[in-house]
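Analysis of the macromolecular model
Listed here are the chains, written in short residue letters.
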Amino acid sequence: VPSILLNDTIVVDNHLSVRLTSQQWTEGTYPTDSSWNGAKLMGGGHVQLIQVIEGAELLLQGMELSGAHVKGNGAAVYVSGGSLTAESCYFHSNLATGAPARGGAIAAIPSSEYVTEVNLHRSLFLDNSANGVGALYTETDSEGGALSVSMDSSSTSGQVFVNITSSTFENNSVKFITIRIPHI
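Notes on the structure follow. Quick caveat: nothing in here was measured; it's all calculated off a predicted structure.

1. Thoughts on the packing of aromatic side chains
Within the structure shown, the criterion is met by two aromatic pairs. Seen from their ring centres, Phe91 and Phe125 are 4.7 Å apart, and the 0° between their planes marks the pair as stacked. Placement of the pair is Phe91 in strand S11 (residues 90-92) and Phe125 in strand S15 (residues 124-126), with a sequence separation of 34 residues. Geometrically, the ring pair formed by Phe125 and Phe169 is stacked, given 4.6 Å between the ring centres and 5° between the ring planes.

Right under this line is the structure:
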């Protein structure tokens with residue numbers, strides 16, 4: 001099974017349409033555990049795997065995305081103003097940290113110019129985390145161990161659509177650590 005270790009982010013933008021399909025993938029397959037044999041995109045340290053932005057489209061089929069670690073949003077995939085479709089994919093062991101920290105596996109963020117769309121079908125999300133840290137925080141500083149969907153209530157243009165079918169979310173977590181600053 002082919003594996004790619006990434007030390008930088010793959011950026012899909014400017015209305016590009018990209019398809020990543022594992023040769024092992026067959027229609028109707030479902031990743032049930034760590035024995036999944038799809039092609040692998042793995043994070044090599046502090047790296048976000050993929051950004052889908054500015055009207056771009058990304059189709060993932062039979063892929064495993066793991067080991068991503070980003071300070072911010074969407075460790076494995078960050079989608080803002082683009083379209084992500086993941087079919088029969090396995091997202092695991094991805095981590096978003098900082099303040100805010102949203103979407104250990106996927107963060108869907110509104111864009112002022114484009115619609116943001118996420119379609120998940122027959123995919124498994126296991127052991128992904130969003131761990132927020134900050135001296136001051138709001139309820140939205142740490143969201144979505146596996147998937148975070150943000151909405152901009154102050155804007156009427158930033159629309160986010162999410163469609164999830166036949167997918168499993170297990171052992172994903174959200175943590176927030178408050179740092180108390182002593183009075184001097």
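Now that the structure has been shown, we can carry on.
2. Focus on the sheet that holds strand S4 (residues 39-43)
The six strands lie next to each other as S1-S4-S7-S11-S15-S20, forming an open sheet whose pairing is parallel. On the outer flanks of this sheet lie strand S1 (3-6) and strand S20 (168-170), each paired with one strand and no other. Ignoring which end each strand starts from, the neighbouring axes of this sheet average 10° apart. Two elements, strand S7 (residues 63-66) and S11, share three bridges in a ladder whose sense is parallel. Bridging from a neighbouring strand, Glu64 pairs with Tyr90 of S11.

3. Focus on the side chain of Asp13
Position of Asp13 among the secondary structure elements: in the loop between strand S2 (10-12) and strand S3 (17-21). Although buried, Asp13 forms no salt bridge, and the nearest oppositely charged side chain, Arg19, lies 19 Å from it. Look past the residues within four positions of Asp13 in its chain and what remains in contact with it is Ile53, Glu54 and Ala56.

4. What to know about the nonpolar core
Judged by nonpolar contacts, the single largest core of 33 residues is most densely connected at Ile50, Leu60, Leu65, Val77, Phe91 and Ile106. If near-sequence neighbours (up to four positions away) are discounted, Val77 is found in contact with Ile50, Val52, Leu65, Leu84, Phe91, Ala105, Ile106 and Ala107.

Calculation rules
Residues numbered from 1 in each chain as written. Predicted model: local features only at pLDDT ≥ 70, side-chain atom pairs only at ≥ 80, totals over all residues. Heavy atoms only, no water. Phe/Tyr/Trp six-rings, centres within 6.5 Å; stacked < 30°, edge-to-face > 60°. Helix = DSSP H or I, 4+ residues; strand = E, 2+ residues; numbered from the N terminus. Pairing = 2+ DSSP bridges. Axes fitted to C-alpha atoms, helices over the stretch in contact; angles between N-to-C directions. Buried < 20%, exposed > 50% of the residue type's maximum accessible area, 1.4 Å probe, protein only. Lys, Arg positive; Asp, Glu negative; His and termini not counted. Salt bridge = Lys/Arg side-chain N within 4 Å of Asp/Glu carboxyl O. Contact = heavy atoms within 4.5 Å. Core = buried A, V, L, I, M, F, W, Y, C linked by side-chain atoms within 4.5 Å.

Read these as layout, nothing more, since geometry by itself doesn't imply function.
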